[in-house]
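# Residue-level structural notes
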Amino acid sequence: MGVTLWASVLCCCTILWITLAVSGKKQYQARIRACGHPPRPVPYHLPFGLDLVCHLVWRLWQHDFVNYGWEILDVPGRTVELNLLSRRIIVTDNPENIKAVMLSQFGEFKRDHAVHNAFHNIFGDSIFTSEGESWIRAKNDIRPQIAHIRPADLTTTEFHIQKMFDLIRTKPDGINVYEAMDRLQLDIVTDVFLGRSINSLTMKRSPIQDAIDRLVEMSMLRIRVGPMGQFLPDWLLAPRELKVLDRFMDGVVDKALAQTKEKPDAEADGNLNLVLEMAQKGRGRKYIREQITGVVFLASKDPTAITIAWAVLELARNPDIMASLRKEVEENIGLDRLPTGDQLKRLPLLRNVIRETMRLYPPLGLNVRQARHDLSLPSGGGPNGKLPVAVLQGQQVAIAVTHAQRRAEGLIDGETWIPSRWEGWTPKSTEYLPFNIGPRICLGRNFGILQVEYTLVRLLQEFEGFAWLDGGDRERKMKFKVELNAKAAEAIVCRFVERGMSRDGV
Ligand code: HEM
């Protein structure tokens, strides 16, 4: 009797579950049909796309994001859907869709919630993670300070570059270029925007830099494990690092607030640094802390250091181009005079070297947004990839910037670094967007470009050249490590050759 009752309950539950699942699926399909069409799905065979999840994790683990992207995006309409554990993610490098997400349908998307949650411990509600009114307020506070170059910025940069030269000279057998550039940028941006440099270049290891690296690593771990990430807070995973960062940032902000209290009428005339300027405007402690942490540790140093490191690698792999660039510097500035901002803008080869580096290696290789409501993207749906694509509320759209830039219209050999291509080629803004496009465009792009230009010119003035120590195969495609920014998966180790020393000594 008891067994029959249990069997009947089980049977009813199963029928109810199947009915709910079928009606849920019907509703879901109706919502998709109401907005457009699904794009091609990336195939999977196990329930909930478990095989796809494992494959994706494996490819990311192998730093094979670029090849994987080519495999899945090689479809009509350049748009696919990934179904991962009941989550649907649209991946696209279709220029029409890029334009819609970043520009024409900007208001229908928001920043990805997963990133916001994972990084909340470090960056709180900084400009990167905020939306609407609070984003506009942050933008208005930050833009005047970072969008323009001040004459003193070059003096500060030169001061820290000298320290970097000292560091390079302590490693005559080769130095990890990304690490050196990361330290350089950290020292510069803390000096310029906080008025207090971390001076990591003169230390063996900087506790702040280590703390930030570890905290970013933990945030990436939270993104990778999805909803489970909420059970992995930083106070559990990296309590010491959290304390180091707290102590440093609180010190900087409290000093600025105290200074402002002492001199409440000091003029915010562009001579104040970012933190003082915000204190002067009466912004609160938490707000200032979150904004400056975001700008200094997330926005500015990483992409700039990554770009310089890639440019150094490509110049080392292409000695002819390096020689031409050095000649351009010698003829227009000289090897013994510090470059001015104006001189840097008049070096066409330098400009093309930087543009090409950011085309092939955009630091933000994948830019993710989330749909605010059910909507459609212009193209990529249906079997021919020409119909509108349905995206439902909360679903993510991942823009594959790296892929869009490597197959832009009119490009030949898009996977190869060829600065001279820029002499006769102008890409569309939806096919070349290392700084993004639309309202969320990078606010610090002038400062970032200046840093890249200045550092490359100073390296070419100070040294005769640089040699990549793993330079056996110049054609080798480099792999990317996808973190918040995409950087080289392996160390780029170069030997810098002193001026006057024979190239045979390389
Ligand atoms: C070569 C160097 C740089 C590159 C390639 C770069 C790239 C980018 C990109 C792609 C975005 C858009 C992010 C998104 O859509 O999610 C962005 C935003 C931003 N960047 Fe940069 N960036 C660079 C340097 C800098 C520097 C030096 C600063 C500060 C001095 C800075 C400050 C910002 C800020 C504040 C935002 C947020 C804008 C907003 O959300 O309204 N960036 N950057």
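Cut-off values and rules
- Residues numbered from 1 in each chain as written.
- Predicted model: local features only at pLDDT ≥ 70, side-chain atom pairs only at ≥ 80, totals over all residues.
- Helix = DSSP H or I, 4+ residues; strand = E, 2+ residues; numbered from the N terminus.
- Buried ≥ 20, exposed ≤ 12 C-beta atoms within 10 Å, placed from the backbone.
- Contact = placed C-beta atoms within 7 Å.
- Pairing = 2+ DSSP bridges.
- UniProt positions renumbered as here; feature names shortened; annotations may be inferred.
- Near = placed C-beta within 6 Å.
- Nonpolar A, V, L, I, M, F, W, Y, C, P; charged D, E, K, R; others polar.
- Expected span 1.5 Å × (residues − 1).
- Core = buried A, V, L, I, M, F, W, Y, C linked by C-beta atoms within 7 Å.
- Axes fitted to C-alpha atoms, helices over the stretch in contact; angles between N-to-C directions.

So, on to the overall build of the chain. Looking only at helices and strands, the chain has 18 helices and 13 strands in total. Along the first, second and third principal axes, the C-alpha atoms of the chain reach 95 × 60 × 40 Å. In the chain, which comprises 506 residues, the share counted as buried stands at 39%. Expressed as a percentage of contacts within the chain between residues at least 6 apart in sequence, the contacts between residues at least 24 apart total 73%.

All right, on to the sheet that holds strand β6 (residues 366–371) then. With mixed pairing, six strands are arranged side by side in an open sheet as β1-β2-β3-β9-β6-β4. Both outer strands of the open sheet, β1 (40–41) and β4 (109–111), are each paired with one neighbouring strand and no more. Here four bridges tie strand β3 (residues 87–92) to strand β9 (residues 396–400), and the two strands are oriented parallel to one another. Pairing of Thr92 across the sheet is with Ile399, part of β9.

Attention shifts here to the pairing of strand β8 (residues 387–391). Note: strand β7 (residues 375–381) against β8, four bridges, orientation antiparallel. For Leu377, the partnering residue across the bridge sits in β8 and is Val389. Hairpin connection, β7 to β8: the antiparallel pair is bridged by five residues, and Gly382 has positive phi, about 75°.

Attention now goes to the UniProt feature "binding site: heme" (unreviewed entry) in the chain. In this numbering, the UniProt entry assigns the feature "binding site: heme" (unreviewed entry) to Cys442. Of the residues examined, Cys442 has 20 C-beta atoms within 10 Å and is grouped as buried. Those residues within four positions of Cys442 in sequence are excluded, and the remaining contacts are Phe435 and Asn436.

Close contacts around the ligand come from 25 residues, with Ala299, Pro303, Cys442, Gly444 and Gly448 the closest. Contributions of two or more residues to the shell around the ligand are made by α6 (132–146), α13 (285–317) and α18 (445–462). Considering every element that reaches the shell around the ligand, the biggest residue donor is α13, with six residues. When grouped by side-chain class, the residues that make up the shell around the ligand number 15 nonpolar, seven polar and three charged.

Turning our attention to the environment of Val497. Secondary-structure assignment places Val497 in strand β13 (residues 493–498). When the 17 C-beta atoms within 10 Å are taken as the criterion, Val497 is described as partly exposed. In this structure the C-alpha to C-alpha distance between Val497 and Phe463, which are 34 residues apart in sequence, comes to 5.7 Å.

Moving on, we come to helix α8 (residues 177–194). Given 3.6 residues to a turn, an α-helix orients residues that are three or four positions apart in the same direction. Helix length check: α8 (18 residues) gives 25 Å between terminal C-alpha atoms against 26 Å at 1.5 Å per residue, within 8%. Counting buried positions along α8 yields 17 of 18 residues, so the element is predominantly enclosed.

A separate point is the nonpolar core. Val177, Leu215, Val275, Ala309, Ala311, Val312 and Cys494 are the most contacted members of the largest nonpolar core, which totals 90 residues. Those residues within four positions of Cys494 in sequence are excluded, and the remaining contacts are Gly174, Ile175, Val177, Val312, Ala316, Phe466, Ala467, Trp468 and Leu469. Counting residues in each nonpolar core, the second largest holds 25 residues, with Val80, Val101, Met102 and Leu433 among its members.

Quick look at helix α11 (residues 239–262) now. The first and last C-alpha atoms of α11 sit 34 Å apart over 24 residues, in line with the 34 Å expected at 1.5 Å per residue. Taken residue by residue, α11 has Glu241, Leu242, Val244, Leu245, Met249, Val252, Val253, Ala256 and Thr260 as its buried positions.

With that out of the way, let us pick up the sheet that holds β13. Read from one edge to the other, the open sheet built from three strands follows the order β5-β13-β10, with strand pairing classed as antiparallel. Of all strands in the sheet, those bounded by a partner on one side alone are β5 (175–176) and β10 (463–468). Of the pairings in the sheet, the one linking β10 to β13 comprises five bridges and is antiparallel in character. In the sheet register, Ala467 faces β13, and the bridge partner there is Arg495. Strands β10 and β13 of the sheet are contacted by α13, whose axis makes an angle of about 90° with β10.

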